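Chain residues, written in single-letter form:
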Amino acid sequence: NITTGSGGTITVATSTGGNATGGSITQTAGTSLDSGTGSVVLNTPTGGASAIGSAGFNILTTTGDVTANAGSGGVFVTASNGANFTATATGAGDIQLTSTTGTLNIAGATSTGTGNITLNAVAGTITQGAALSGNVLTTNSVGGTTLNSANALSGFSATDTGGGDVSLTNAG
């Protein structure tokens, strides 16, 4: 585990100093990046196949804000307490963002070239303050999904198990 005082920032980067060949960011099972109400910033080179987490092995966090930028390997992050997410994957990199409690909020532009985006709010809602851009968006929520920014998506699938409304504005 890596922990800061609540409100602190944890930064993990393999793209420092202009490094275009840094590797992916992975995490040992059962560990977490915990900044309380602070931020977790994850960066890999965006020009290659680097990834942040992987399908089935998300990077686990407890934080207020997550910013993640990766290559075509994609972005796979789970926040245990709801979070504000901003994520970018290049090329066909998929983005999978999960909140196990609370609201999953897209706070900053979140995009992938031709990859898919999956948003999972296990025990909460999904909201946004910035646009989503990518191939197919899939959402799973309890209590509703409201995505009314100028999104640019080629497809959309939504499930809400709590009886909440689901709405999407798609400019793409």
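The text that follows walks through the structure, step by step, so that each part is easy to find. All values reported here derive from a predicted model rather than from experimental measurement.

Glancing now at the overall build of the chain. Within the chain one finds zero helices and 17 strands. Structurally, the chain occupies a C-alpha span of about 45 × 35 × 25 Å along its principal axes. For the chain, the residues scored as buried account for 43% of the 172 residues in total. Sequence-distant contacts, at least 24 apart, represent 26% of the contacts inside the chain between residues at least 6 apart. Taken as a whole, the chain presents about 6,900 Å² of accessible surface, with 52% of it coming from carbon and sulfur.

In terms of strand pairing, strand β15 (residues 132–141) meets strand β16 (residues 145–160) through eight bridges, oriented parallel. Residue N140 lies in a different strand from β16, and its bridge partner there is T159.

Moving on: the pairing of strand β7 (residues 65–70). Successive residues of a regular strand alternate their side chains across the two faces of the sheet. Side chains V66, A68 and A70 project from β7 onto a buried face, and the interleaved D65, T67 and N69 project onto a face without burial. Pairing of strand β4 (residues 39–43) with β7, which is carried by five bridges, proceeds in the parallel orientation. Within β7, the residue paired with N43 across the bridge is N69.

What counts and how
- Residues numbered from 1 in each chain as written.
- Predicted model: local features only at pLDDT ≥ 70, side-chain atom pairs only at ≥ 80, totals over all residues.
- Heavy atoms only, no water.
- Helix = DSSP H or I, 4+ residues; strand = E, 2+ residues; numbered from the N terminus.
- Buried < 20%, exposed > 50% of the residue type's maximum accessible area, 1.4 Å probe, protein only.
- Contact = heavy atoms within 4.5 Å.
- Areas by Shrake-Rupley, 256 points an atom, 1.4 Å probe, with all protein chains shown as cover.
- Pairing = 2+ DSSP bridges.

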